[in-house]
Structure formats: C-alpha cells, structure tokens
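Letter by letter, the chains look like this.
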Amino acid sequence: MSDEAHAPKELISRSDLHGSENKASVPAEDIRLKVEDLSIFYGDVRAVKNVNMSVRTNQVTSIIGPSGCGKSTFIRCLNRMHEVTPGGRVQGKVLLDGQDLYGPGVDPVDVRRRVGMVFQKPNVFPSMSIYDNVASGYRLNGIRDRKLIAEKVERSLKNAAIWDEVKDNLQKPGTSLSGGQQQRLCIARALAVDPEVLLMDEPCSALDPIATAKIEELIHELKEKVTIVIVTHNMQQAARSSDYTAFFYVGELVEFGETQKLFTAPEKRQTEDYITGRFG
Amino acid sequence: MSAMNLAATPSNYPFRKIVQRFAWIGMVLCTSVTVSLLFMILGYVVYNGATAIDWSFLTELPLPPGESGGGIANALVGSILVVIVATLMALPIGLGAAIFINEFPSARLGRTVRFMAEVLTGVPSIVVGLFAYDMVVQPFGAFSGFSGSVAYAFIMVPILVITSHEAFRLVPTSLREASLALGVPKWRTILWVVLPVSKTALLTGAILAVSRALGEAAPMLFTAFGNPFWNLNLSKPIATVPMLIYTYATGPYDDWHQKAWAASFVLMAVVLFTSVLTRTFLRGKSHE
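The rules we used
Residues numbered from 1 in each chain as written. Chains lettered and ligands numbered in written order. Predicted model: local features only at pLDDT ≥ 70, side-chain atom pairs only at ≥ 80, totals over all residues. Helix = DSSP H or I, 4+ residues; strand = E, 2+ residues; numbered from the N terminus. Buried ≥ 20, exposed ≤ 12 C-beta atoms within 10 Å, placed from the backbone. Contact = placed C-beta atoms within 7 Å. Rg over C-alpha atoms; globule rule 2.2 N^0.38 Å. Axes fitted to C-alpha atoms, helices over the stretch in contact; angles between N-to-C directions. Parallel < 35°, antiparallel > 145°, perpendicular 65-115°, else oblique. Left-handed = near helix turned anticlockwise from the far one by under 90°. Nonpolar A, V, L, I, M, F, W, Y, C, P; charged D, E, K, R; others polar. Core = buried A, V, L, I, M, F, W, Y, C linked by C-beta atoms within 7 Å. Domains from an automatic or database assignment. Pairing = 2+ DSSP bridges.

J.: Summarise the overall build of chain A; cite the residues concerned and give the values.
T.: A count of helical and extended segments in chain A gives twelve helices and ten strands. A buried classification covers 47% of the 280 residues belonging to chain A. Residue pairs in contact within chain A that sit at least 24 positions apart in sequence constitute 68% of those at least 6 positions apart.

J.: Summarise the overall build of chain B; cite the residues concerned and give the values.
T.: Regarding its fold elements, chain B presents twelve helices and zero strands. If you list the helices and strands of chain B from N to C, you get α-α-α-α-α-α-α-α-α-α-α-α. In terms of overall dimensions, chain B is more spread out than a globule: its C-alpha atoms have a radius of gyration of 25 Å, far above the 19 Å expected for 288 residues. Once the C-alpha set of chain B is aligned to its principal axes, its extents read approximately 85 × 60 × 40 Å. Looking at chain B as a whole, 36% of its 288 residues are labelled buried. Restricting the contact set of chain B to residue pairs at least 6 apart, pairs at least 24 apart contribute 73%.

J.: Tell me about the packing of helix 7 (residues 145-169) of chain B against helix 10 (residues 199-214) of chain B, residues and numbers included.
T.: All names here are of chain B. Between helix 7 and helix 10, whose axes approach to 9 Å, the crossing angle comes to 160°. Comparing their axes, helix 10 and helix 7 come out roughly antiparallel. Where helix 7 crosses over helix 10, the handedness of that crossing is right-handed. Residue-level inspection shows Tyr152, Ile155, Met156, Ile159, Leu160, Thr163, Ser164 and Ala167 of helix 7 in contact with helix 10, the latter providing Ala201, Leu202, Gly205, Ala206, Leu208, Ala209, Arg212 and Ala213. Among the residues making up the contact of helix 7 with helix 10, the classes are represented as twelve nonpolar, three polar and one charged.

J.: Break down the interface of chain B and chain A for me, citing the residues and quoting the values.
T.: In this complex, chain B contributes 18 residues to the contact, which on the side of chain A involves 22 residues. Among the elements that take part in the side of chain B that touches chain A, helix 8 (residues 173-181) of chain B stands out by supplying seven residues, more than any other. Here the residues of the side of chain B that touches chain A are counted per class, giving twelve nonpolar, four polar and two charged.

J.: Residue-level account of the nonpolar core, with values.
T.: All names here are of chain B. Within the largest apolar cluster, 144 residues are counted, with the highest numbers of intra-cluster contacts made by Met156 and Ala263. Top element by residues in this core is helix 7. It accounts for 15 residues. Beyond its immediate sequence surroundings of up to four residues, Ala263 is in contact with Ile72, Val241, Leu244, Ile245 and Tyr248.

J.: Can you tell me about the domain arrangement of chain B, naming the residues and giving the values?
T.: Residues and elements named next belong to chain B. Parsing chain B into structural domains produces domain 1 (16-52) and domain 2 (57-286). One C-alpha centre belongs to domain 1, the other to domain 2; they are set 29 Å apart. Taken together, the contact between domain 1 and domain 2 spans six residues of the former and eight residues of the latter.

J.: Tell me about the environment of Trp163 of chain A, and please be specific about residues and values.
T.: Residues and elements named next belong to chain A. By the element assignment, Trp163 lies in helix 7 (residues 163-166). In this structure Trp163 comes out as partly exposed when scored by C-beta crowding, with 17 C-beta atoms within 10 Å. Once the C-alpha coordinates of Trp163 and Cys69 are considered, the two residues, 94 residues apart in sequence, prove to be 36 Å apart. Not counting the four nearest positions on each side in its chain, Trp163 is found in contact with Glu154, Leu157 and Lys158.

J.: How would you sum up helix 8 of chain B? Please name residues and give values.
T.: Because an α-helix completes one turn every 3.6 residues, residues spaced three or four positions apart along the sequence face the same direction. Among the residues of helix 8 of chain B, those classed as buried are Arg176, Ala178, Ser179, Leu180 and Ala181 of chain B. Where helix 8 of chain B ends, the next residue or the one after it, Gly183 of chain B, has phi of about 80°, a positive value.

J.: Can you lay out the pairing of strand 2 (residues 45-56) of chain A for me, pointing to particular residues and giving the numbers?
T.: Residue and element names in this part refer to chain A. In this structure, strand 1 (residues 31-42) lies alongside strand 2, joined through eight bridges in antiparallel fashion. If you follow Leu38 over to strand 2, its bridge partner there is Val51. Connecting strand 1 to the next strand, strand 2, in antiparallel fashion are two residues, including Gly43 with a positive phi near 60°.

J.: Got a sec to walk through the environment of Ile162 of chain A? Specific residues and values, please.
T.: Residues and elements named next belong to chain A. Assignment of secondary structure puts Ile162 in the loop between helix 6 (146-159) and helix 7. For Ile162, a count of 24 C-beta atoms within 10 Å corresponds to the buried category. Distance in space between the C-alpha atoms of Ile162 and Gln183 is 9.9 Å, their sequence separation being 21 residues. Beyond its immediate stretch of four places on either side in the chain, Ile162 contacts Leu157, Gln181, Arg184, Leu185 and Ala188.

Dropping the structure here:
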C-alpha cells in the first residue's frame with residue numbers, strides 16, 4: 001500500500017518526540033512484523049484481502065474497524081492462531097524479524113512462543129491457581145526449573161500491574177479474581193514467556209471503564225518491553241493508547257499510519273466517515 | 001390498576017385455570033410413578049436382601065447346593081477383578097477415541113466413530129458376550145475371567161466415548177486457545193488443560209460405565225462362566241456377582257433365592273457407594 005512509503009521518516013520524528021529508547025536510527029531493525037499481501041480464508045470465503053502493513057518495534061499498533069471487518073481474523077494470523085479454526089488458512093507472508101511465519105518448516109508452536117496473545121474475554125485456566133496460571137507457559141512446556149519460574153511469575157505479575165493485588169493469594173484459584181484482574185492475569189501469563197510481540201484482541205471489551213483504564217495504562221508501560229498490536233472497537237482507546245493505527249473495512253486495510261495523523265487528517269474518505277461516527 | 005386489569009381477564013380464564021390444575025396434577029403423577037418405581041426396586045431388594053447379609057456372606061465361599069450358609073466372597077472378588085481389568089482396557093480406548101472426536105473435529109472419521117459409539121451402546125449385552133466368546137474363549141479353548149473382561153470392556157468403551165466426548169465439549173475453546181497461544185503444543189494442551197478441566201465429568205462417565213458393567217450378567221454366560229471356588233487367575237473361569245445372582249435366582253433352592261437377593265443388595269450397595277463416594281470426593285476437591 002502507498003501508505004507505507006512515508007512511514008519510516010515519520011517514525012523517527014515521533015520517537016524523538018517521545019524520547020523513547022528504540023533503535024530509530026536503524027529503520028530495518030525497527031520493523032518487527034511485516035505483513036506482505038496477506039489474504040485470509042475461512043474455507044472458500046476470503047475474509048481479509050491483500051493486506052500490507054508493518055508493525056514497528058516497541059510501538060503500539062491498533063487495529064480499528066466496524067464489526068465483521070476482519071480485524072480479529074487478521075490479528076489471529078500474526079501468531080498462526082487463525083489456522084486453529086477449522087477451515088482457516090492464509091495466503092501471503094507475515095515476516096517476524098524478516099522470517100516468514102508461514103514459511104516451510106516453521107512450527108506454529110514456535111511462532112506462538114515469540115508472539116503472545118491476550119483474548120477478548122479473560123480465559124484463565126480454571127483448574128489452576130493464580131501462580132500456576134502465570135507459570136503455565138513454562139510448566140505446560142515441560143520446564144520444571146522452580147527458581148526460574150518463580151522469578152518469571154513475580155516479574156510478569158509486576159509488569160502486568162497486578163502483583164500488589166495478588167501477591168498474598170498466589171495459591172488461590174485464578175477464577176476467584178474479578179474480570180479486570182483476570183484479564184491482567186492473562187496479560188501476565190502471556191508476558192511470562194517473554195514474547196517479542198503481544199497481540200491483544202479487544203482486551204477491554206468485557207471490562208468496566210476503571211479496569212479498561214488500568215489496562216490502557218499498562219499497555220503504555222509495556223510498550224518499552226514488547227511490541228503491541230491491539231484490536232479495539234473503541235476509537236478513543238485507539239487514539240489514546242496507540243502510536244500507529246490501521247483501519248479495516250470489509251476485509252480490507254483502508255488506511256494505515258500514525259495514530260495522530262489518522263485521527264486528525266485521514267487520507268481516505270471511508271476512514272473519515274468511520275472515525276467521525278458516520279457509520280460503524 | 002393492575003387489579004382491575006386482572007378482573008377484566010377474558011371469560012375463559014376459569015377454564016384455563018382448571019386445565020392448568022389438571023396438567024399440574026398429571027405431571028406430579030408421572031414424576032411420582034417414576035420415582036416410586038425406583039424406590040420400589042430399591043426397597044424390594046433391601047427388604048429381601050439386607051436380612052440375609054452377615055459377615056460370613058461377604059467372606060465365605062459358597063457351600064454345595066442344598067446346604068445353607070456360606071457366602072459369595074469369590075464372586076465379589078471375581079467381579080471386582082474382572083471389572084478392573086475391563087476398565088484398564090476400556091478407559092484408554094474410550095478416552096483416546098473421545099479426544100480424537102473432539103479435538104480433531106474436521107476429521108470425518110471422528111464423526112463416524114461417535115455415531116458408531118451411539119449404535120454400540122444399543123447392542124444387547126448377550127450379543128457382546130457371544131462376540132467375546134468368539135474372539136477370546138474359542139481361540140484360547142477355555143472360559144476365562146479375561147474373556148469376561150473383554151466382554152465388559154466392549155460394553156464400557158462406547159459409554160466412555162460418549163460421556164468423555166460430552167465432557168470435552170463443555171471445555172470452552174477459549175481455554176484451548178489460551179494454551180496454544182502460549183506456544184504449548186496441542187498434545188500438551190489436551191493433557192494439561194482439557195483433561196484437568198473436564199476431570200469431574202470424565203470420572204462421572206467412568207463410574208457410569210463401571211456401574212453398567214458391574215451389573216451385567218449376560219456377557220458372563222459364555223466368558224467368565226462362573227466358578228464355585230476361589231480363583232484369582234483370570235485365565236480360568238471366575239465367579240462374578242451378576243452371574244451368581246442369575247444362577248441362584250433360577251435355581252431350585254430357597255436358600256439360593258435368598259442369597260440371590262442378598263447378592264443383588266450387595267451389588268447395588270457397591271455401585272451406589274462408589275458413585276456417591278467419588279462424587280462427594282470430587283465436589284470437595286473442586287471447592288478447595
């Protein structure tokens with residue numbers, strides 16, 4: 001897409017503005033995920049058509065669009081979760097640090113270890129305690145090093161800003177927490193395995209405004225450590241918490257660019273209509 | 001206001017009220033017939049059986065026909081032994097098939113297997129016994145406890161497949177996805193997420209299958225055959241409780257008839273006891 005061409009230059013100015021410590025001087029390293037000509041299918045139905053976009057390292061990229069526009073479908077392709085759905089398949093490339101996730105011989109299991117995911121509804125494992133939930137990324141993969149796991153659990157819970165609330169109840173079931181806490185527990189669980197990219201599929205849609213505010217604050221803090229792609233229904237949320245925004249409409253990427261620019265001076269008519277509330 | 005509206009209801013209201021009353025009475029009657037049938041059976045067995053039970057009944061061997069006294073210890077142990085071996089055979093097969101059906105839903109084979117399991121639950125148990133006779137007894141040339149186990153396993157597998165499949169279906173997809181998204185391979189996800197979440201339902205299904213097998217006499221007729229003596233060797237004929245009940249109940253002696261009732265009572269008590277015990281145990285566990 002033509003929106004691509006001017007992006008790197010803008011990035012430098014923006015990251016200077018924020019004073020963030022990313023390697024803006026080397027644009028090639030700056031792109032964590034590169035999506036090339038990606039089409040996504042459910043059986044014979046093409047749900048998403050020919051998407052090209054780049055996700056920048058240690059930035060928050062939000063994906064907006066009306067229901068059914070393919071944004072959730074799209075994000076699930078970034079860690080090969082789409083193919084878990086019966087009939088789900090893709091065409092095109094998704095490059096993580098230059099390596100095609102859909103290349104021959106690439107194991108989806110390895111992809112998912114590097115690209116974590118937080119889902120729409122909090123999905124803590126009901127059979128496990130708070131501690132075991134966060135440790136599950138290690139335990140379920142057969143790692144038994146107690147010291148390492150204990151460190152990772154504490155660090156992830158702190159990173160997910162839930163440590164103070166749960167540190168005295170780590171052995172309680174994960175499902176004993178409130179909805180907002182459960183979602184932060186899920187974020188901690190995803191962070192525990194040190195992913196390079198964290199995908200968030202409408203992480204606040206089941207939460208109240210206070211819990212939503214906490215997650216948004218968290219996203220802002222997390223982007224120093226991990227690249228974030230977030231799908232959201234909520235345009236204010238996209239405007240508040242992301243650096244780049246992609247607008248999807250009926251399975252196509254309509255516009256992609258800096259959040260500030262996309263929301264104040266969109267290039268496409270459809271984008272403008274959507275963000276001003278004329279449809280969607 | 002609302003009272004006035006109520007007063008102004010259509011004129012057929014009294015009639016509707018009567019219909020409602022009759023329908024209610026009808027349903028209560030149906031329910032009480034169902035429940036009382038269960039209690040009648042239970043009560044009859046308890047009334048006839050409990051009186052004949054003492055310690056020696058549970059610990060002693062049967063005496064020769066015509067003599068009174070003796071017990072069913074060999075059949076009790078035999079039943080438990082045969083069912084344990086049957087469970088060991090049926091559980092992995094049933095569970096494996098259920099996992100295949102549920103976790104690989106696009107496979108046509110899975111749907112076929114589920115359908116066949118449903119059909120299999122309807123196969124008369126005497127036919128299962130004949131099949132086991134053909135499969136095990138004939139090649140080995142002798143009746144054996146093991147052939148009884150095979151027959152019981154045939155009865156248990158479809159029950160296990162169906163109950164386990166239903167148990168797995170209740171596990172939300174979101175939990176599987178949560179695990180897969182952590183980079184956990186599918187087989188570990190099934191083993192450490194799907195199975196623990198559904199363990200209560202799985203155990204309920206297993207108990208159902210075990211209870212069903214424990215009470216079946218027909219498949220034992222030409223397999224385990226029965227044995228009036230002590231035997232723990234599964235390659236030889238072995239006594240089982242339902243088989244013993246069948247023999248005693250159709251025998252000519254009053255003492256046998258009474259023993260058949262007593263054995264029925266013991267069988268029923270064992271099934272009820274294990275079922276209640278495991279359920280309360282699991283409930284206690286999940287509330288922790």
